[in-house]
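Residue strings, one per chain:
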Amino acid sequence: PAVYYGSVEGAAGVTEGTQVAALVGGVTCGLGAVMVGDVPGELRYVLKVSAAEPGMQSSCGSPGKQVVFALGKVETGDPQPWDNRGPIRYNLTLR
């Protein structure tokens with residue numbers, strides 16, 4: 001899988017436990033939840049995005065595919081390239 005992590009910014013109404021989803025080609029390929037960070041008031045997330053595999057996850061990540069993140073049902077920021085070479089810091093900001 002590809003691993004993404006970072007802060008959750010500018011997300012009024014988002015609280016600990018809010019669902020974070022990663023979509024590739026409109027297919028959900030990873031689910032996580034917002035958590036409280038080390039600093040008071042800080043919100044963070046960590047999310048694994050599955051690699052494409054024959055069968056159920058054939059539409060998930062592979063080099064060249066784009067990952068779209070959503071907080072609840074609202075997309076955040078710009079799509080990011082799927083990359084499983086190491087953890088990627090990507091801060092989520094509601095549009």
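Quantities reported herein were computed from a predicted structural model and do not represent experimental measurements.

Caption draft 1: The arrangement of the overall build of the protein in detail. Helix and strand content of the protein: zero helices and nine strands. Put simply, the protein runs from its N terminus to its C terminus through helices and strands in the order β-β-β-β-β-β-β-β-β. Here the C-alpha radius of gyration of the protein, 13 Å, is about what a compact globule of 95 residues would show, namely 12 Å. With the C-alpha coordinates of the protein rotated into their principal frame, the extents come out at 40 × 25 × 20 Å. Per-residue burial for the protein yields a buried fraction of 37% across its 95 residues. With the model as given, the accessible surface of the protein reaches about 5400 Å², and the carbon-plus-sulfur share is 55%.

Caption draft 2: Geometry of the packing of aromatic side chains. As enumerated under the stated definition, the model contains three aromatic pairs in all. A ring pair is formed by F69 and Y90, whose centres lie 5.3 Å apart and whose planes are at 35°; its orientation type is tilted. Placement of F69 in strand β6 (residues 66–71) and of Y90 in the loop between β8 (88–89) and β9 (92–93) is noted, with a sequence separation of 21 residues between them. With a relative accessible area of 0%, F69 lands in the buried category. Here the aromatic cluster, defined as three or more aromatic residues joined through ring pairs, consists of Y4, Y45, F69 and Y90.

Caption draft 3: Highlighting the pattern of salt bridges. The tally for this structure, following the rule as stated, stands at two salt bridges. For E42, the salt bridge is made with R44, and the minimal N-O distance between the two is 3.4 Å. With a relative accessible area of 24%, E42 lands in the partly exposed category. The closest approach of N and O atoms between D83 and R85, which form a salt bridge, is 2.7 Å. For R85, a relative accessible area of 75% gives the class exposed.

What counts as what
Residues numbered from 1 in each chain as written. Predicted model: local features only at pLDDT ≥ 70, side-chain atom pairs only at ≥ 80, totals over all residues. Heavy atoms only, no water. Helix = DSSP H or I, 4+ residues; strand = E, 2+ residues; numbered from the N terminus. Rg over C-alpha atoms; globule rule 2.2 N^0.38 Å. Buried < 20%, exposed > 50% of the residue type's maximum accessible area, 1.4 Å probe, protein only. Areas by Shrake-Rupley, 256 points an atom, 1.4 Å probe, with all protein chains shown as cover. Phe/Tyr/Trp six-rings, centres within 6.5 Å; stacked < 30°, edge-to-face > 60°. Salt bridge = Lys/Arg side-chain N within 4 Å of Asp/Glu carboxyl O.

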